[in-house]
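# Results of the structural survey
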Amino acid sequence: MSTRDVTDATFEQEVLNSEKTIMVDFWAEWCGPCRAVSPILDAIATENADKIDIVKLNVDDNPQTAMKYQITSIPAMKVFKRGEVVKTVIGAKPKPALEADLAEFLA
Amino acid sequence: MSERLPPGTHLVRNDMRHVIIIGSGPAGYTAAIYAARANLEPLVIASSVEFGGELMKTTEVENFPGFPEGIMGPDLMTRMQQQAERFGAEIVYDDVVSLELEGPVKSVTLGNGDRHEAHAVIFATGSAYRKLGIADEERLSGYGVSWCATCDGAFFRQKTVAVVGGGDSAMEEATFLTRFADKVYVIHRSETLRASAAMQDRARNDPKIEFVFNKTVEHIYGSDLVTGVGLVDTVTGEETTLDVSGLFIAIGADPRTHLVHGVVDLTEHGTIAVEGRSSRTSVEGVFAAGDVVDPTYRQAITAAGSGTVAALDAQHYLETLHDAARETASATA
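About the thresholds
Residues numbered from 1 in each chain as written. Chains lettered and ligands numbered in written order. Predicted model: local features only at pLDDT ≥ 70, side-chain atom pairs only at ≥ 80, totals over all residues. Heavy atoms only, no water. Disulfide = S-S within 2.5 Å. Buried < 20%, exposed > 50% of the residue type's maximum accessible area, 1.4 Å probe, protein only. Axes fitted to C-alpha atoms, helices over the stretch in contact; angles between N-to-C directions. Helix = DSSP H or I, 4+ residues; strand = E, 2+ residues; numbered from the N terminus. Parallel < 35°, antiparallel > 145°, perpendicular 65-115°, else oblique. Left-handed = near helix turned anticlockwise from the far one by under 90°. Contact = heavy atoms within 4.5 Å. Nonpolar A, V, L, I, M, F, W, Y, C, P; charged D, E, K, R; others polar. Phe/Tyr/Trp six-rings, centres within 6.5 Å; stacked < 30°, edge-to-face > 60°. Buried area = accessible area lost by both parts, 1.4 Å probe. Salt bridge = Lys/Arg side-chain N within 4 Å of Asp/Glu carboxyl O. Polar contact = N/O pair within 3.5 Å; in protein donor to acceptor, adjacent residues only side chain to side chain. UniProt positions renumbered as here; feature names shortened; annotations may be inferred. Pairing = 2+ DSSP bridges.

### Notes on the state of the cysteines
- All told, the structure shown has two disulfides over all chains when counted by the stated rule.
- There is a disulfide in this structure between A:C31 and A:C34, and the S-S distance comes to 2.3 Å. Negative torsions about the S-S bond denote left-handed disulfides, and the value of about 85° found for A:C31 with A:C34 makes this one right-handed.
- The class for A:C34 is buried, based on a relative accessible area of 1%.
- At a sulfur-sulfur separation of 2.2 Å, the disulfide partner of B:C148 is B:C151. Disulfide B:C148 to B:C151: torsion about the S-S bond roughly 65°, handedness right-handed. The residues B:C148 and B:C151 share a single accessibility class, namely buried.

Written out as structure tokens, the structure reads:
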């Protein structure tokens, strides 16, 4: 399964109330590194569909959530467990480096 | 961007090429265009997240000849990529994890496990942003400390931010940040800027930009997010603080040579050493181009020129190899 979009309106339902570990990729159209990391996140989501959900939040269209989580740099990837942020990864990284950062959630 | 394989369906490849080009900035792509047009079917290892190089993080490029109206950095790089592909270059969006450069056959291993061999390698890995090297820089990176104004500038609407540096990239970042921030300080360790006159003038004439000369950044303050910086005057030693929500670091870049340390000779500047005006490194069959060989000019157009030199040198080298092989064959026949 590849990544799907969440919005300010669906964030609580889809992310905060998620039973499953879920990672939100905060991104924007104009951010080159965000576009670069996007297919890598798709791959990680597909390969670990049983362990983690990965969703995307466009910071331009959804400023409330971006502000709430004090996003000042994108791509910013935040892992949520039962509504709490348990890990933040900032910046585009190659797949092995991202997998290492997320190792505890992919095991 | 060319097609990627669908995730999870990767087949490990192992093949032999004429030439492998590592890097996909102006040097790498220009080398690819020339090598492809010489029917060398180059393989370009473009990197998984940094393909296109530094220009992917810039906005308007106004000094690349042929674009009188300017062109966006990412658009310029996409055009170079398409031009290389048009003539038969193959581009792979992955990272080199190891290299074997000695001997007549070179090999390159990628993050996905593929191993490619070639008779010649062109190394065009560019440079990596320099850090200030002070406490809390790493901790607050992504929380107000940034190396990419075009990525992060929009999060500083109506805020006060600072840019550290005195070169073209510092001026560009500062000017770009005025779109969002109310106030942009440019902190520089001396009174002389390295930036081109055009870029300096634009920054100096911007009412939102204020220069803070003769200061170095010694501290970054903030628990969760940056709240300010501590400065030291390079002349008087006086310590001051500046309240800012963002700190953009643009103090230059270092050549990216970690893959070839101990294999290829470097210069005192840390760049790859090349012979005279050529791109020939200390290892036969290995050529280098772009910022990784250039401690001085570091422009898109000089990198592109240097990529041309590397492709022509590699082509000449491959022809010599080919001729030598033919002579050996006819001698033993």
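Now that the structure is up, let's keep going.
### Concerning the packing of helix α1 (residues 26-37) of chain B against helix α6 (residues 300-332) of chain B
All names here are of chain B.
- Closest axis-to-axis distance for the α1/α6 pair is 7 Å, and the angle between their directions is 40°. With respect to α6, the element α1 is oriented oblique. In this structure, α1 meets α6 at a crossing whose hand is right-handed. For the pair α1 and α6, the contacting residues are P26, A27, T30, A31, Y34 and A35 in the first and A300, A303, A304, G307, T308, A311 and L312 in the second.
- In terms of residue class, the contact of α1 with α6 is built from 10 nonpolar, three polar and no charged.

### Looking at the packing of aromatic side chains
- What the rule picks out here adds up to 11 aromatic pairs over all chains.
- Judged by centre distance (5.6 Å) and plane angle (45°), the ring pair of A:F11 and A:Y69 falls under tilted. Note that A:F11 is positioned in helix α1 (residues 11-16) and A:Y69 in the loop between α3 (63-68) and β4 (76-81), a separation of 58 residues in sequence. The exposure classification of A:F11 matches that of A:Y69, with both residues buried.
- Note on B:F176 and B:F180: the rings are 5.7 Å apart at their centroids and 65° apart in plane angle, and the pair reads as edge-to-face.

### Side note on the interface of chain B and chain A
- At the junction of the two partners, chain B supplies 20 residues and chain A supplies 21 residues.
- Summed over both partners, the interface of chain B with chain A buries about 1,700 Å², with 67% contributed by carbon and sulfur atoms.
- Where chain B meets chain A, there are zero salt bridges.
- Between the two partners, chain B and chain A, sit four residue pairs in polar contact (both at pLDDT 80 or more).
- Each residue belonging to the side of chain B that touches chain A can be placed in one class, and the counts come to nine nonpolar, six polar and five charged.

### Details of the UniProt feature "domain: FAD/NAD(P)-binding" (unreviewed entry) in chain B
- Feature annotation in UniProt places "domain: FAD/NAD(P)-binding" (unreviewed entry) on residues 18-307 of chain B, given in this structure's numbering.
- Secondary structure across residues 18-307 of chain B divides into 19% helix and 28% strand, with the first and last C-alpha atoms of the span separated by 16 Å.

### Quick look at the sheet that holds strand β17 (residues 246-249) of chain B
Residues and elements named next belong to chain B.
- Pairing within the open sheet is parallel, and its five strands lie in the order β10-β17-β11-β12-β13. Where the open sheet ends on each side, the last strands, each with one partner, are β10 (145-146) and β13 (209-212).
- Note that strand β12 (residues 183-187) and β13 share four bridges and pair parallel. Within the sheet, the bridge partner assigned to Y185 lies in β13 and is E210.
- Helix α4 (residues 168-177) rests against β11 (160-164), β12, β13 and β17 of the sheet, and its axis sits at about 170° to β11.

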